[in-house]
Amino acid sequence: MTDIRKVTVLGAGVLGSQIAFQTAFKGFDVTSYDIDDKALDAARGRFAGLVETYRQDVPGADDGSAAATLDRLTLTSDLDAAVADADLVIEAIPEILSLKQDTYRRIGAVAPEQTIFATNSSTLLPSDLAEATGRPDRFLALHFANRVWRFNTAEVMGTEETDPAVFRTVVEFATEIGMVPIELHKEKSGYVLNSLLVPFLNAAAALAAGGYAEPADVDKTWKIATGAPMGPFQIFDIIGLTTPYNIMAHGDEAAQKLAVWLKENYIDKGKLGVASGEGFYRYTSD
């Protein structure tokens, strides 16, 4: 086992809350940080929902262990306190380079020297952030897929400065929390998963934004022709539209046009995906 006992997850959104809950479910003490009381109230709702999800979807979790997970979760909006005694900090804040860099500068000044920092960034390279951490040898990427209890990959990707011992520790930690670690031998924007997924989702968005086919028909085509359980727009909704929007907005000209389409037609109308009750599909019965 690793020496990691106390874990802090920065960002309690859809994926951040899943990472925190899964880690606590596996017996670790977890601090879940977000920026204010409103965000933390939303996180409490997500954690309560995850208790029910785990009871239904995770073998053995209906024995009280899912509910007991909440006892190992501490929520806070005090960033300095959140990292004060962490062995590992997993950052899952919005996909904005400057925001991540500023956050790492702040926590790098207050977290213990031995604390390992890991980014869950979807597309940014860890080397884009390493200098801001103040501890590039103890920093790397640890990337999770949405619905971590079911789609349990954990992609581990370091930089040329990452201490190999730190890399091995994070690989072992991923195993300890029930993930299947996927080791990348060098940096790649998007890792393995998003190197495949982002172009796929962008291609689907281009079909709908260009007026070629409705989202539901794009999904239908993909599922029938490939046997896949979900289509790209169902995946969009599960991820939540904000993260794909941020990725598109910082992409090339074509991707930026898709970001505008996504924002104007969905995000600005409160259609953010499953978490908001509606995205490309409606998930409420009102």
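In this text the structure is predicted, and so the values were computed from the model without any measurement.

Each value, and the rule that gives it
- Residues numbered from 1 in each chain as written.
- Predicted model: local features only at pLDDT ≥ 70, side-chain atom pairs only at ≥ 80, totals over all residues.
- Heavy atoms only, no water.
- Pairing = 2+ DSSP bridges.
- Helix = DSSP H or I, 4+ residues; strand = E, 2+ residues; numbered from the N terminus.
- Axes fitted to C-alpha atoms, helices over the stretch in contact; angles between N-to-C directions.
- Parallel < 35°, antiparallel > 145°, perpendicular 65-115°, else oblique.
- Contact = heavy atoms within 4.5 Å.
- Nonpolar A, V, L, I, M, F, W, Y, C, P; charged D, E, K, R; others polar.
- Core = buried A, V, L, I, M, F, W, Y, C linked by side-chain atoms within 4.5 Å.
- Buried < 20%, exposed > 50% of the residue type's maximum accessible area, 1.4 Å probe, protein only.
- UniProt positions renumbered as here; feature names shortened; annotations may be inferred.
- Expected span 1.5 Å × (residues − 1).
- Arc of directions from axis to C-beta.
- Salt bridge = Lys/Arg side-chain N within 4 Å of Asp/Glu carboxyl O.

A. Seen up close, the sheet that holds strand 1 (residues 6–10). On the basis of which strands lie adjacent, the open sheet formed by eight strands has the order 3-2-1-4-5-6-7-8 and mixed pairing. Strand pairing shows two members of the sheet lacking a second neighbour, strand 3 (73–76) and strand 8 (180–183), which therefore form its edges. Going from strand to strand, the sheet's axes swing by 25 degrees on average, the running direction of each strand aside. Where strand 6 (residues 139–144) and strand 7 (residues 153–157) come together, four bridges link them in antiparallel fashion. Each bridged residue has a counterpart across the sheet, and for Leu142 the counterpart in strand 7 is Val156.

B. Geometry of the packing of helix 9 (residues 215–226) against helix 10 (residues 232–239). Their axes nearest at 7 Å, the elements helix 9 and helix 10 cross at an angle of 110 degrees. When the interaxial angle is binned, helix 9 and helix 10 end up roughly perpendicular. Taking contact as the criterion, the partners of Pro215, Val218, Asp219, Trp222 and Lys223 in helix 9 are, on helix 10, Pro232, Phe233 and Gln234. Looking at the contact of helix 9 with helix 10 residue by residue, the classes come out as five nonpolar, one polar and two charged.

C. Broad picture of the nonpolar core. Among the nonpolar cores identified, the biggest contains 41 residues, and Val7, Tyr54, Ile90, Leu142, Phe144 and Phe173 are the most heavily contacted of them. The contact partners of Phe173, leaving out residues within four places of it in the chain, are Thr2, Ile4, Val7, Thr23, Phe28, Leu88, Ile90 and Leu142. Among the nonpolar cores identified, the runner-up in size contains 19 residues, and Ile235, Ala255, Ala259 and Tyr266 belong to it.

D. The arrangement of the UniProt feature "domain: 3-hydroxyacyl-CoA dehydrogenase C-terminal" (unreviewed entry) in the chain in detail. The UniProt feature table records "domain: 3-hydroxyacyl-CoA dehydrogenase C-terminal" (unreviewed entry) at residues 190–283. End C-alpha to end C-alpha, residues 190–283 measures 29 Å, and it is 62% helix and 0% strand.

E. Geometry of helix 9. With twelve residues, helix 9 ought to run about 16 Å at 1.5 Å a step, and its terminal C-alpha atoms sit 17 Å apart, in line with that. For helix 9, the full list of buried residues reads Pro215, Val218 and Asp219. Projection of helix 9 onto a plane perpendicular to its axis shows the buried side chains occupying an angular sector of 100 degrees, all on one side. For helix 9, the exposed residues lying more than 90 degrees away from the buried face are Thr221, Ile224 and Ala225.

F. View of the pattern of salt bridges. The final tally for this structure, using the stated rule, is 14 salt bridges. Here Lys263 and Asp268 are joined by a salt bridge, their closest N and O atoms 3.1 Å apart. Residue classification places Lys263 among the partly exposed residues on the basis of a relative accessible area of 33%. Overall, the relative accessible area of 47% leaves Asp268 in the partly exposed class. Residues joined by salt bridges that share partners form a network here, namely Glu91, Glu95 and Lys100.

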